[in-house]
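Summary of the model geometry
What follows is the residue order along each chain.
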Amino acid sequence: MIALRPSSDRNVAKRSRSWGRMIRGLSLMSVVLLVGMPVSPQSPRPADEIERKVEALLRQMTLEEKLGQLQMLDGDADGSYRPEHLDLVRRGLVGAFLNVRGARRVNELQRIAVEESRLKIPLLFGFDVLHGYRTIFPVPLGEASSWDPEAVERAAHIAATEARAAGVTWTFAPMVDIARDPRWGRIVEGSGEDPYLGSVMARARVRGFQGHDYSAPDRVLACAKHFVGYGAAEGGRDYNTTDLSERTLREVYLPPFRAAVEAGVGTIMSAFNDLNGIPASANPLTLRTILRGEWTFDGFVLSDYTAIEELIAHGLAADGAEAARLALDAGVDMEMVSRLYARHVPHLIKEGKLSMAAVDEAVRRVLRVKFRLGLFERPYADEARERALVLRPEHRAAARGIAARSIVLLKNDGGLLPLGKNLRSLAVIGPLADDQKNMLGPWSGDGRAEDVVTILAGIRAKVGPETQVHYAPGCGITDAACAGMDEAVRLARQSDVAIVVVGESAEMSGEAASRASLDLPGRQLELVKAIHATGTPTVVVLVNGRPLAISWIADHVPAILETWFAGTEAGHAIADVLFGDVTPGGKLPVTFPRSVGQIPIYYNHKMTGRPPDPRNKYTSKYLDEEVTPLFPFGYGLSYTEFRLTNLQLSARRLRPTERVTVSVDVENVGPRTGDEVVQLYIRDVAASVTRPVRELKGFERVTLRPGEKRRVTFTLGPEHLGFYNRQMRFVVEPGEFRVFVGTSSVGGLEASIEVVQ
Ligand code: NOJ
């Protein structure tokens, strides 16, 4: 066996941990790479000291107490705990809570666990801190549009700082589900459609939440979710069945989880969905063989909310006892909310249907993480620290900066944007223009509407006193009637420019928020059409959690900004971009379809035997729709222009174990300082299994002054060129690879390399 130098992905995550690969063997046809080396424990505390403590504690525990450690219960949405849970805590029958937060409340509950329970084992407090705790950052899909892992890491770090100060020791994030279907409302919680970008963002978020040591007072334990395949829900309908080949699972849906594990994520949440006939929360292939066997994950697995009980509804388990047995056997260590482990495991053990060793193993995993978190030494939160840390001005400033970096300029005909700050008059129109609550987006932690800067407020703060800012909502987001249309049109007529802010409400994406239509809800498109018809130059600002089908707007309105749900500082960040204090540089992390009938549509698709050809009916296309997207993955414009030239490769031929350097000049040839995201894609031209037309393998966001030129360099190695062969082994096969370097998933400079034996 020859060891390959462990390599992190140098094409972006310069500080990420190695993802350890070894060559398993060399054959004439291919090099097989064994993907997976033991991941070093996250905590700097000596591992065997923790193991000794875990064993010592385990020896003292009754079965009831052991099952207590495997039980998570829910608090209330407002952060309080339920009085009926106090006695359970006192008896050591709960290991963790979700939603209970705020230093005072957490301490009250923790005090009972630590001072009144027999073994004094501290509780974990988990909460969905996806894009901020009190200071809210853009929704994760928005953050991913920044293509800036360092900014995303910073946002997660700030979220962790605030959350930990408020007694939250564990976030149910990052959500790393790949999503290729914008009907699925939870697309907003992840990083979009691409496994490479998704893996980079997964690493960044795990690092941001956990740091190098999640016991630190400014870090929390992270939880990569939802393991696995949840994003492939049929029809985009949440909780629906998924059916994925092992190849698609390994190549598309698993990589971001693997990246999270390699970055040291402490916990994993098992998903709700049925996966190829075995629900993900009872699936031994994914939970045992892959997660623990191949990836040597040594943290613990938490079920999603009542997902173990739902094994009955899935039709996998006949009753609660069977559900408990199947989930625990498969490797789900902690049960969220349903209480089947506590109820059924004692008699399952008595009947010989489950071993004590299986229970001990799960308890060990939970305790290990609690020790790594430093909970036994410092179980309490500090109320003064909470007051001092949440919503600090520098957190808001970071949120503003990251929100601006997340904005994608979709269209800018005639250079309508940026707007001048000394316009005579401006009409700000639309139901989301002066909205605080919806800017927070779904899963907004402890974020409060009253903290939010609306878009209207951001614009007002930006323009000079000589600009009159008119405002009219026009219509509601989903209203059937549009009572304010006439007023909005009147104001637009009087104004130099109209900014129309339209989109979705926060509840229209996130969990249980699937849509069958991707149109703007309610009468909003009519509102846009009416404003556009006034002849006043119109800018559409989109606020939404998923790609929308906006063909009419893209065809007619000269300027479009995609702002997602931009968070607490939404208004300032959007105004920064509208008026050119920040040049937009975000890129789409997900394809925008022209219409819902194109779904699923994603850039890294297979070629088919009959690629679309307009001259030939018998090729892969629609009778009534284009095959191309409205806006492709990786796309986004700027107020300046960039030119890529001089693509060079360090070698044209390489062996399967070798690396090649790809470099290109990027030059700002426009009038302003701005950012470009240089993107590297490959295509394996012919292989033993068919390969996608393109696959992202590297990117870098660079900032350049007018006239400035920079050389950007990527490295392609076996981890980029390899794929799972017919035997499901990760290999690099000889043959030609096309290399594309560009500014989106379409076009770019091209070259070829050949892998030879
Ligand atoms: C259910 C969701 O699927 C999951 O993402 C979340 O973490 C839990 N509820 C807890 O709120």
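Residues numbered from 1 in each chain as written. Predicted model: local features only at pLDDT ≥ 70, side-chain atom pairs only at ≥ 80, totals over all residues. Heavy atoms only, no water.

1. What to know about the overall build of the protein
Helix and strand counts for the protein come out as 22 helices and 27 strands. Its C-alpha atoms give the protein a radius of gyration of 26 Å, within 12% of the compact-globule value 27 Å for 757 residues. For the protein, the spread of C-alpha atoms along the three principal axes comes to 75 × 65 × 45 Å. A total of 757 residues make up the protein; the buried ones form 65% of that total. Across the protein, contacts joining residues at least 24 apart in sequence account for 77% of those joining residues at least 6 apart. Looking at the protein as shown, the accessible area adds up to about 26400 Å², and 50% of this sits on carbon and sulfur atoms. (Helix = DSSP H or I, 4+ residues; strand = E, 2+ residues; numbered from the N terminus. Rg over C-alpha atoms; globule rule 2.2 N^0.38 Å. Buried < 20%, exposed > 50% of the residue type's maximum accessible area, 1.4 Å probe, protein only. Contact = heavy atoms within 4.5 Å. Areas by Shrake-Rupley, 256 points an atom, 1.4 Å probe, with all protein chains shown as cover.)

2. Thoughts on the pattern of salt bridges
Per the stated rule, a full pass over the model turns up 60 salt bridges. When the shortest N-O distance is used, the salt bridge between Arg186 and Glu189 registers 2.6 Å. Assessed through its relative accessible area of 1%, Arg186 is described here as buried. By relative accessible area, which is 2% here, Glu189 ends up buried. (Salt bridge = Lys/Arg side-chain N within 4 Å of Asp/Glu carboxyl O.)

3. Overview of the site of the ligand
What surrounds the ligand is the set Leu98, Asp128, Phe172, Arg186, Lys225, His226, Met269, Phe272, Asp304, Tyr305, Trp443 and Glu511. Asp128 places a polar side-chain atom, nitrogen or oxygen, 2.5 Å from an oxygen atom of the ligand. Note that an oxygen atom of the ligand is positioned 2.6 Å from one of the side-chain N or O atoms of His226. The fraction of the free accessible surface of the ligand (300 Å²) that becomes covered by protein chains is 96%. (Near = heavy atom within 4 Å. Polar contact = N/O pair within 3.5 Å; in protein donor to acceptor, adjacent residues only side chain to side chain.)

4. Notes on the sheet that holds strand β14 (residues 468–472)
The strand order across the open sheet formed by 6 strands is β12-β17-β16-β15-β13-β14, and the pairing between neighbours is mixed. Across the chains shown, the open sheet's two edge strands, defined by having one partner strand only, are β12 (408–412) and β14. Mean inter-strand twist for the sheet, computed between neighbouring axes without regard to direction, equals 15°. Across the sheet, helix α17 (residues 455–462) touches β13 (425–429), β14, β15 (497–503) and β16 (538–543), and the angle it forms with β14 is around 170°. (Pairing = 2+ DSSP bridges. Axes fitted to C-alpha atoms, helices over the stretch in contact; angles between N-to-C directions.)

5. Here's the deal with the domain arrangement of the protein
If you check the domain split of the protein, you get domain 1 (63–386), domain 2 (406–598) and domain 3 (640–755). When each unit is reduced to the centre of its C-alpha atoms, the spacing between domain 2 and domain 3 is 34 Å. Taken together, the contact pairs 6 residues of domain 2 with 10 residues of domain 3. In total, about 570 Å² of surface goes out of reach between domain 2 and domain 3, with carbon and sulfur atoms giving 42% of it. Of all residues in domain 2, the largest losses of buried area upon contact with domain 3 belong to Thr583, Gly585 and Lys587, amounting jointly to 76% of the total for that side. Here domain 2 is connected to domain 3 by 1 salt bridge. With its nearest N and O atoms 2.8 Å apart, the salt bridge here joins Lys587 to Glu676. Counting across the interface, domain 2 meets domain 3 through 4 residue pairs in polar contact (both at pLDDT 80 or more). Split into classes, the residues belonging to the side of domain 2 that touches domain 3 amount to 1 nonpolar, 4 polar and 1 charged. (Domains from an automatic or database assignment. Buried area = accessible area lost by both parts, 1.4 Å probe. Nonpolar A, V, L, I, M, F, W, Y, C, P; charged D, E, K, R; others polar.)

6. A few points about helix α4 (residues 103–116)
Here α4 spans 19 Å end to end across 14 residues, near enough to the 20 Å set by a 1.5 Å rise per residue. At Gln110, α4 shows its maximal kink, close to 25°. Listing the buried residues of α4 in full gives Ala103, Val106, Asn107, Leu109, Gln110, Ile112, Ala113 and Val114. If you follow the buried residues of α4, they end up packed against α3 (86–90), β5 (96–98), β6 (124–127), α6 (149–165) and α15 (383–389). (Expected span 1.5 Å × (residues − 1). Bend = angle between axes of the 7 residues up to and from the residue.)

7. Some words on the packing of aromatic side chains
Considering all chains together, one arrives at 19 aromatic pairs under this definition. Positioned above the aromatic ring of Tyr380, the side-chain terminus of Arg111 is 4.7 Å from the ring centre. The aromatic ring of Tyr602 is capped on one face by Arg180, whose charged end is 3.6 Å from the ring centroid. (Phe/Tyr/Trp six-rings, centres within 6.5 Å; stacked < 30°, edge-to-face > 60°. Lys NZ or Arg CZ within 6 Å of the ring centre and 35° of its normal.)

8. Quick look at the environment of Asp243
Along the chain, the position of Asp243 falls in the loop between β8 (223–227) and α8 (246–253). Relative accessible area serves as the criterion here: at 59%, Asp243 is assigned to the exposed category. In the structure, Asp243 is positioned 11 residues away from Ala232 in sequence and 7.7 Å away in space, judged by C-alpha atoms. Asp243 has contacts with Glu234 and Asn276, leaving out every residue within four places of it along the chain.

9. Considering helix α7 (residues 195–210)
Think of an α-helix as turning once every 3.6 residues; residues three or four places apart then point the same way. Taking 1.5 Å as the rise per residue, α7 with 16 residues should run 22 Å; its terminal C-alpha atoms sit 22 Å apart, in good agreement. The N-cap residue of α7 is Asp194: its side-chain oxygen and the backbone nitrogen of Tyr196 are 3.1 Å apart. Once α7 finishes, Gly211 follows within two positions and takes phi at roughly 60°, a positive value.

10. Some words on the pairing of strand β27 (residues 749–755)
The pairing of strand β19 (residues 653–654) with β27 spans 2 bridges and is classified as parallel. What sits directly across from Arg653, in β27, is Glu754. Taken together, the 7 bridges between strand β26 (residues 735–742) and β27 define a ladder with antiparallel strand orientation. Paired with Arg738 across the strands is Ser752, a residue of β27. Remark: 6 residues form the turn of the hairpin made by β26 and β27, two consecutive strands paired antiparallel; Gly747 in that turn has positive phi of roughly 75°.

11. Observations concerning the sheet that holds strand β7 (residues 170–171)
Strand order across the open sheet formed by 5 strands is β7-β6-β5-β4-β11, with parallel pairing between neighbours. This sheet does not close on itself; its edge strands, each paired only once, are β7 and β11 (335–336). Pairing geometry for strand β4 (residues 71–74) and β5, over 3 bridges, is parallel. Note on β5: the bridge partner recorded for Leu73 is Phe97.

12. Focus: the state of the cysteines
Should the sulfur atoms of two cysteines be covalently bonded, the bond is a disulfide. One pass over the structure, following the stated rule, counts 0 disulfides. Cys475 carries a free sulfur, and the closest cysteine sulfur to it, the one in Cys482, is 3.4 Å from it. For Cys482, a relative accessible area of 12% puts it in the buried group. (Disulfide = S-S within 2.5 Å.)

13. Some thoughts on the side chain of Arg205
Mapped onto the elements of the fold, Arg205 is located in helix α7. A polar atom in the side chain of Arg205 sits 3.0 Å from the side chain of Ser191. Not counting residues within four places of it along the chain, the set of residues in contact with Arg205 comprises Pro140, Glu143, Ala144, Val152, Ala156, Pro174 and Ser191.

14. Topic: the packing of helix α10 (residues 284–294) against helix α12 (residues 320–330)
Direction vectors running N to C along α10 and α12 enclose 20°, while the axes themselves pass 8 Å from each other. One finds that α10 runs roughly parallel with respect to α12. The way α10 lies across α12 gives a crossing that is right-handed. Two secondary-structure elements touch here, α10 through Pro284, Leu287, Arg288 and Arg292 and α12 through Leu328, Asp329 and Ala330. Grouping the constituent residues of the contact of α10 with α12 by class yields 4 nonpolar, no polar and 3 charged. (Parallel < 35°, antiparallel > 145°, perpendicular 65-115°, else oblique. Left-handed = near helix turned anticlockwise from the far one by under 90°.)

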